Amino acid sequence: MDAQQPHLLIVDDDREIRESLSRYLIKNGYRVSAADGGPAMKRVLAAGAIDLVILDVMMPGEDGLTLCCFLRETTRLPIVMLTAVGEQTDRIIGLEMGADDYIVKPFNPRELLARIRAVIRRTHSLPPEQTTPASGLVKFAGLALDMARHELTGTDGVAMPLSQGEFTLLMAFIDHPGRVLTRDQLLDLTRGRAAIPFDRSIDNQVSRLRRKIEPDPKSPTLIQTVWGGGYRFTPDVERSE
């Protein structure tokens, strides 16, 4: 099997689902490993590189939501969750914890395949990140961001606190200066997957951030809109301890 093929990990306590999905995904060009729960999942992750995890919510012991939280704290792997019909709360919680997409059981394997392809396309298209420390200052356009305090200080010396959402979005831009980031990429970078990828939540977050950092939010120059593409963070960035 081609080592360049994406390697998927199916985590589901139902052996029939694991085996049938494995056969289908292998037939469609993927390498596949399977695990019946959290301990087996962790063993597979330790043994080799995985490109995406397909994670069932309803499992005995550590359920899918617990494992999703573990994955998000320890990896940046894309996650597609399998949820039961009508369990909307689980879907919302899973997205809030950082899952990239979900599909409701029973499902058509072709739909799952399409979602897997879309998530891999989106997450693999993210540009490489700069390494930004968790403390110190980041300076741009006459502003200074205190990483530890989540405060933005202007040339007038006035400090403006940032919400967690504003801080996370600003860091996504700071880590990718000069690059065009699509709305889907910004959703992935900020892990704001509680929002449906096709809504305007990122636009609203950008508008709020612009009100704090732009000299004139109505004519933004620091976060430029790239029509049909997304947004670009234009200033030079200087990092210091």
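Rules of the game
Residues numbered from 1 in each chain as written. Predicted model: local features only at pLDDT ≥ 70, side-chain atom pairs only at ≥ 80, totals over all residues. Heavy atoms only, no water. Helix = DSSP H or I, 4+ residues; strand = E, 2+ residues; numbered from the N terminus. Buried < 20%, exposed > 50% of the residue type's maximum accessible area, 1.4 Å probe, protein only. Areas by Shrake-Rupley, 256 points an atom, 1.4 Å probe, with all protein chains shown as cover. Core = buried A, V, L, I, M, F, W, Y, C linked by side-chain atoms within 4.5 Å. Pairing = 2+ DSSP bridges. Axes fitted to C-alpha atoms, helices over the stretch in contact; angles between N-to-C directions. Polar contact = N/O pair within 3.5 Å; in protein donor to acceptor, adjacent residues only side chain to side chain. Patch = residues over 30% accessible without salt bridge, like charges linked within 9 Å, V, L, I, M, F, W, Y side chains within 5 Å. Salt bridge = Lys/Arg side-chain N within 4 Å of Asp/Glu carboxyl O. Lys, Arg positive; Asp, Glu negative; His and termini not counted. Charge placed at Lys NZ, Arg CZ, Asp CG, Glu CD. Arc of directions from axis to C-beta. Contact = heavy atoms within 4.5 Å. Phe/Tyr/Trp six-rings, centres within 6.5 Å; stacked < 30°, edge-to-face > 60°. Lys NZ or Arg CZ within 6 Å of the ring centre and 35° of its normal.

K.L.:
Mind showing me how you'd approach the overall build of the chain here?
P.N.:
Within the chain, the secondary structure is distributed over 8 helices and 13 strands. The 241 residues of the chain split such that 44% are buried. Entry remark: accessible area of the chain is about 12300 Å², with carbon and sulfur atoms responsible for 51%.

K.L.:
I keep staring at the nonpolar core and nothing clicks. Help me out?
P.N.:
In globular proteins that are soluble, nonpolar side chains generally tend to be buried together. Counting 26 residues, the largest nonpolar core has Leu145, Leu170, Phe173 and Ile213 as the members making the most contacts within it. Looking at this core, the element that brings in the most residues is helix H6 (residues 164-174), giving 7 residues. Formed by 20 residues, the second largest nonpolar core is a distinct cluster that contains Val44, Ile50, Val57 and Leu71.

K.L.:
Whenever I open this one, the sheet that holds strand S8 (residues 151-153) confuses me. Can you help?
P.N.:
Two pairing modes exist for strands in a sheet, parallel and antiparallel, and in both the strands are linked by backbone hydrogen bonds. Ordered in space as S9-S8-S7-S6-S13, the 5 strands form an open sheet in which the pairing is antiparallel. The two strands at the open ends of the sheet, each matched to only one other strand, are strand S9 (159-161) and strand S13 (238-240). Strand-to-strand twist across the sheet, computed as the mean angle between neighbouring axes with direction ignored, equals 25°. Pairing between S8 and S9: 3 bridges, direction antiparallel.

K.L.:
What should I look at first to understand H6 in this one?
P.N.:
Each α-helix winds once per 3.6 residues, and so residues spaced three or four apart point in a common direction. For H6, a buried count of 8 out of 11 residues is recorded, marking the element as mostly surrounded by other parts of the structure. The set of residues buried in H6 consists of Glu166, Phe167, Leu169, Leu170, Met171, Ala172, Phe173 and Ile174.

K.L.:
Where do I start with the side chain of His7 in this structure?
P.N.:
By secondary structure assignment, the location of His7 is in strand S1 (residues 7-11). Within the local environment of His7, its side chain forms a polar contact with the backbone oxygen of Ala49, the two atoms lying 3.0 Å apart.

K.L.:
Looking at this structure, how should I read the sheet that holds strand S12 (residues 230-233)?
P.N.:
Across the sheet, which stays open at both edges, the 3 strands sit in the order S10-S12-S11 with antiparallel pairing between neighbours. Strand pairing shows two members of the sheet lacking a second neighbour, strand S10 (180-181) and strand S11 (223-226), which therefore form its edges. Relative to S12, S10 is paired through 2 bridges, and the arrangement is antiparallel. Bridge pairing in S12 places Val180 opposite Arg232.

K.L.:
Please explain a negative patch on the surface as it appears in this structure.
P.N.:
Together, Asp13, Asp14, Glu16 and Asp36 make up a region of like negative charge exposed at the surface. As for its position among the elements, Glu16 is in helix H1 (residues 15-27).

K.L.:
Is there a simple way to explain helix H2 (residues 38-47) in this structure?
P.N.:
Among the residues of H2, Gly38, Ala40, Met41, Val44 and Leu45 are the ones counted as buried. Down the axis of H2, the buried side of the element spans an arc of 160°, and every buried residue falls inside it. Exposed positions of H2 whose direction lies more than 90 degrees from the buried face are Pro39, Arg43, Ala46 and Ala47. As for H2, its buried residues are in contact with S1, strand S2 (31-35) and helix H3 (64-74).

K.L.:
How should I be thinking about the pattern of salt bridges in this particular structure?
P.N.:
Charged atoms that come close allow side chains of opposite charge to pair. Scanning the entire structure with this criterion turns up 11 salt bridges. With its nearest N and O atoms 3.0 Å apart, the salt bridge here joins Arg115 to Asp101. Here Arg115, found in helix H5 (residues 109-124), pairs with Asp101, found in strand S5 (residues 101-105); they are 14 residues apart in sequence, far enough to count as distant. A salt bridge links Arg149 to Glu151; its shortest N-O distance comes to 3.3 Å. Taking the relative accessible area as the measure of exposure, Arg149 reaches 56% and is therefore exposed. Look at the salt bridges and you will find they share partners, linking Asp12, Asp56 and Lys105 into a network.

K.L.:
Just checking my understanding: could you explain the side chain of Arg72 for this structure?
P.N.:
Relative to the helices and strands, Arg72 resides in helix H3. Owing to a relative accessible area of 16%, Arg72 belongs among the buried residues under this scheme. Polar side-chain contacts of Arg72 include one of 3.1 Å to the backbone oxygen of Thr75.

K.L.:
Help me understand the packing of aromatic side chains, please; the structure alone is not making it clear to me.
P.N.:
In this description, a pair of aromatic rings is defined by centroid distance and the angle of the planes. All chains considered together, the criterion is met by 2 aromatic pairs. Ring centres of Phe173 and Phe233 lie 6.0 Å apart, and the angle between their planes is 20°; this geometry places the pair in the stacked category. Of the two residues, Phe173 sits in helix H6 while Phe233 sits in strand S12, which places them 60 residues apart along the sequence. Taken together, Phe140, Phe173 and Phe233 form an aromatic cluster joined through their ring pairs. The ring of Phe70 has Lys42 lying over it, and the distance from NZ or CZ to the ring centre is 4.6 Å.

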